[in-house]
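Residues per chain, in single letters:
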Amino acid sequence: MTATDRSIELINAAAQAAADRLAHDIIAYDVSDVLSITDAFLLASAPNDRQVKSIVDEIEEQLQKELGVKPVRREGDRDARWILLDYVDIVIHVQHSEERVFYALERLWKDCPEIALPEDAVRTRGKAEEHAQLNGSTEGDQS
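Being a predicted model, the structure only gives us computed values, none of them experimental. (Residues numbered from 1 in each chain as written. Predicted model: local features only at pLDDT ≥ 70, side-chain atom pairs only at ≥ 80, totals over all residues. Heavy atoms only, no water.)

A. Here's a closer look at the nonpolar core. If you look at the biggest cluster of nonpolar residues, it comprises 32 residues, and the most contacted ones within it are Ile11, Ile26, Leu42, Ile59, Leu63, Ile92 and Leu117. Elements that contribute at least two residues to this core include exactly helix H1 (5-20), strand S1 (24-30), strand S2 (40-46), helix H2 (49-67), strand S4 (82-86) and strand S5 (90-96). Among the elements that take part in this core, H1 stands out by supplying eight residues, more than any other. Look past the residues within four positions of Leu42 in its chain and what remains in contact with it is Ile11, Ala14, Ala15, Ile26, Ile27, Ala28, Val91, Ile92, His93 and Leu117. If you look at the next biggest cluster of nonpolar residues, it comprises ten residues, including Ile27, Phe41, Val91 and Trp109. (Core = buried A, V, L, I, M, F, W, Y, C linked by side-chain atoms within 4.5 Å. Buried < 20%, exposed > 50% of the residue type's maximum accessible area, 1.4 Å probe, protein only. Helix = DSSP H or I, 4+ residues; strand = E, 2+ residues; numbered from the N terminus. Contact = heavy atoms within 4.5 Å.)

B. How the structure looks around H1. Between the first and last C-alpha of H1 there are 23 Å, a value that for 16 residues agrees with the 22 Å anticipated at 1.5 Å per step. The set of residues buried in H1 consists of Ser7, Leu10, Ile11, Ala13, Ala14, Ala15, Ala17, Ala18 and Ala19. Lining the buried residues of H1 we find S1, S2, H2, S5 and helix H5 (119-122). Leu22, located one to two residues past H1, shows a positive phi value of around 65°. (Expected span 1.5 Å × (residues − 1).)

C. Representation of the pairing of S1 in the model. Burial runs high along S1: seven of the seven residues are buried. Two strands pair when backbone bridges link them, and S1 and S2 are joined in this way by five bridges, in the antiparallel orientation. In the strand pairing of S2, His24 is matched with Ser45. (Pairing = 2+ DSSP bridges.)

Next comes the structure, spelled out in structure tokens:
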């Protein structure tokens, strides 16, 4: 089984919204062969809590405006270090850069096929590392 066209449409709209809010290292995986609960995961990160929240808000707003969908669940708002948006067909993880490194979700899903994303999203790859080098190796929370 592969991700449905609708799931791919949602992933691409969410990836573009994340890129528009300057998310780092946006990547998506087709997890439909290994999970029965969803078709795809989108991962993105940001260097601070405020930006994590801003990215999530933009994704939610754009998916509602463009595709008429709302998440069935939103978790992690309180700390804004890892916010999850569950749209049933897709699940979006927006993490603080430190959580992204620590939990390494890419390692868990590396055997799943990557989903092609809009060019703006693809260009975000490596931005977290670039940002860390420009701002010192460890960056404190700026929220």
